[in-house]
Amino acid sequence: MLLSKLINKKFNCISRAIDMLCLFIGEDYTFVSERGKNIDVAEYSLHFQTQWRFREKETILLASRDIYIPYNEDVPDDWDFDVIGRPDDLSSVFDVQKKFIEQKMQGAYVAKCYFTESKDLVVEFSNGIIFEQFTPTSKSDEEWRLIDYKLNQHEIF
């Protein structure tokens with residue numbers, strides 16, 4: 001299973017594609033897309049279209065719904081969550097807090113990676129931060145995937 005490859009790999013960064021979380025693990029890596037374009041990633045990426053959160057003990061640091069919440073209450077009526085690259089006062093909680101998470105995660109590596117009895121994913125980092133994914137349905141469906149960019153392998157969960 002690809003999950004075992006994540007052990008002892010460093011936290012790299014997080015990003016999002018609309019509301020899909022991309023959690024990059026491992027060393028920087030560049031792959032060539034099918035169209036011949038160089039794309040900078042990390043060795044591994046977990047793509048989540050399900051509920052997730054980063055926590056430190058009982059404190060939630062960043063969670064999936066933060067993508068939909070404006071960081072500042074004073075935003076235009078037509079504010080839309082999916083715009084990336086705005087100033088902080090017009091961005092989502094996710095877009096502002098991700099900077100804090102990335103600073104806090106510098107030098108951290110994956111210490112443990114496992115599934116709970118209900119098949120939720122837990123990734124424990126060396127600095128005590130825990131990433132948790134929650135399956136929000138009783139029916140089997142794709143909730144997330146793990147990508148190994150070096151071997152061009154996708155494992156769907």
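Structural notes, computed from the coordinates. (Residues numbered from 1 in each chain as written. Predicted model: local features only at pLDDT ≥ 70, side-chain atom pairs only at ≥ 80, totals over all residues. Heavy atoms only, no water.)

**Details of the packing of aromatic side chains**
By convention here, two paired aromatic rings are described through the distance between centres and the angle between planes.
Thought 1: Scanning all chains against the criterion turns up twelve aromatic pairs.
Thought 2: Residues Phe 115 and Trp 144 carry aromatic rings whose centres are separated by 6.3 Å and whose planes lie at 35 degrees to one another, so their mutual orientation is tilted. Residue Phe 115 is located in strand S6 (residues 110-115), and its partner Trp 144 is located in strand S9 (residues 144-148); the two are separated by 29 residues in the primary sequence.
Thought 3: Ring pairing ties together the aromatic residues Phe 48, Trp 52, Phe 54, Phe 94, Phe 115, Phe 131, Trp 144 and Phe 157, which thus form one cluster. (Phe/Tyr/Trp six-rings, centres within 6.5 Å; stacked < 30°, edge-to-face > 60°. Helix = DSSP H or I, 4+ residues; strand = E, 2+ residues; numbered from the N terminus.)

**What to know about the side chain of Asp 148**
Thought 1: Looking at where Asp 148 falls in the secondary structure, it is placed in strand S9.
Thought 2: Since its relative accessible area comes to 2%, Asp 148 is described here as buried.
Thought 3: Residue contacts for Asp 148: discarding those within four places in its chain leaves Leu 2, Lys 5, Glu 43, Tyr 44 and Gln 153. (Buried < 20%, exposed > 50% of the residue type's maximum accessible area, 1.4 Å probe, protein only. Contact = heavy atoms within 4.5 Å.)

**A few points about the sheet that holds strand S5 (residues 59-63)**
Thought 1: Reading across the sheet, the five strands line up as S5-S4-S8-S7-S6 and stay open at both edges, with antiparallel pairing between neighbours. The open sheet is flanked by S5 and S6, the only strands paired with a single partner. For this sheet, the mean inter-axis angle between neighbouring strands, taken without regard to orientation, is 20 degrees.
Thought 2: Note that strand S4 (residues 51-56) and S5 share four bridges and pair antiparallel. Residue pairing for S5: Phe 54 is matched across the bridge by Leu 62. (Pairing = 2+ DSSP bridges. Axes fitted to C-alpha atoms, helices over the stretch in contact; angles between N-to-C directions.)

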